[in-house]
Amino acid sequence: MQQVLLEIARMTVSFMTINMIEYQLISYVSGEKSKRSFFILMYLGLSTVFGGVLYLTASWPIVVMILFNAVVNTIPSLFLHRYIFKTIDIRVIFFFGMISSMLCLVLSIWTLKLVNFIAPGVGGSTRSLLTNGILFFSISLIYYLLSKTNVYFVLRKILEYPRMALIIALVMTFMNCFIEVFGYGFIGDDFSAVYIGLYTLYYCLIFVVYLFLFREFLRDKRLKESEALILQQQSYMNRLEGIQL
């Protein structure tokens, strides 16, 4: 029984880390100040449920387990985020959640390597707490540094196009599930060339989407600057006409 509780606690910490990372990303991008009270307790309860579901389905066939958990973990999380961030469309929250999950997937591998290097003898729940603590700190630092650049201005454009955000997030979800099912079912090695190649293609696609959003951002910025210049010229002409009269 103790071993079961420790395993569920480990999974709960992992889900809690992902939820808090998504919360930070949405907060940075949207700039929404008003939040629901006790949101941390809400995330903790949701993470505990997810940890229990993942533990109970661990013995299922791998394809069924991955797809079932993808659905069960996504839907309640979306509605909880929507309850906490009252002014953001649920489709946009789904998009930001996929970005956070993608970044967690990349950094978690290197975080595990780091923990194995600095604390090789640590195991169980302590190892899980250390791993997720380093992961949360690393991604939070990345998000903070990105907030000082134009990246969030580009991501903020997605707030204006929730339907496009939903389409992009669904494509990302489908590709992620496909790679995970294919990897568990046919490869087994997380560091094989095929596995790395699939995820490289996946991230290249996301990079292309970002470039598209960045181009749209620059086009809108130039358009607004042109409109401001025209309004300034019109105001100048009106002042000249007033002086002549």
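These notes cover the structure that comes with them. In this text, all values refer to a predicted model and were calculated from it rather than measured experimentally.

## Thoughts on helix H4 (residues 90-118)
Compared with the 42 Å implied by 1.5 Å per residue over 29 residues, the 40 Å span of H4 between its first and last C-alpha is a close match. The largest bend in H4 is about 30 degrees, located at Leu107.

## Digging into the packing of helix H3 (residues 62-84) against H4
For any two helices packed against each other, the geometry is given by the interaxial angle and the distance between the axes. Between H3 and H4, the shortest axis-to-axis distance is 9 Å and the interhelical angle comes to 115 degrees. Like other packed secondary-structure pairs, H3 and H4 cross with a definite hand, here right-handed. Taking contact as the criterion, the partners of Thr74, Leu78, Phe79, His81 and Arg82 in H3 are, on H4, Ile90, Ile93 and Phe94.

## What to know about the packing of aromatic side chains
Counted under the stated rule, the structure contains eight aromatic pairs. Their ring planes at 15 degrees and their centres at 4.4 Å tell us that Tyr23 and Phe39 sit as a pair that is stacked. A residue pair is termed long-range when its members are at least 10 positions apart, and Tyr23 in helix H1 (residues 2-30) and Phe39 in helix H2 (residues 39-56) qualify at 16 residues. Residue classification places Tyr23 among the buried positions, given a relative accessible area of 13%. Residue Phe39 is classed as buried on the basis of its relative accessible area, which comes to 17%. Between Tyr23 and Phe85, the ring centres sit 5.4 Å apart and the planes meet at 45 degrees, which makes this aromatic pair tilted. Here the residue Tyr23 occupies a position in helix H1, and Phe85 occupies one in the loop between H3 and H4, the gap between them amounting to 62 residues. The buried category is assigned to Phe85, whose relative accessible area is 0%. One aromatic cluster is present, built from ring pairs that chain together Tyr23, Phe39, Tyr43 and Phe85. Over the face of the ring belonging to Tyr83 we find Arg36, whose NZ or CZ atom lies 4.4 Å from the ring centre.

How each quantity is defined
Residues numbered from 1 in each chain as written. Predicted model: local features only at pLDDT ≥ 70, side-chain atom pairs only at ≥ 80, totals over all residues. Heavy atoms only, no water. Helix = DSSP H or I, 4+ residues; strand = E, 2+ residues; numbered from the N terminus. Expected span 1.5 Å × (residues − 1). Bend = angle between axes of the 7 residues up to and from the residue. Axes fitted to C-alpha atoms, helices over the stretch in contact; angles between N-to-C directions. Left-handed = near helix turned anticlockwise from the far one by under 90°. Contact = heavy atoms within 4.5 Å. Phe/Tyr/Trp six-rings, centres within 6.5 Å; stacked < 30°, edge-to-face > 60°. Buried < 20%, exposed > 50% of the residue type's maximum accessible area, 1.4 Å probe, protein only. Lys NZ or Arg CZ within 6 Å of the ring centre and 35° of its normal.

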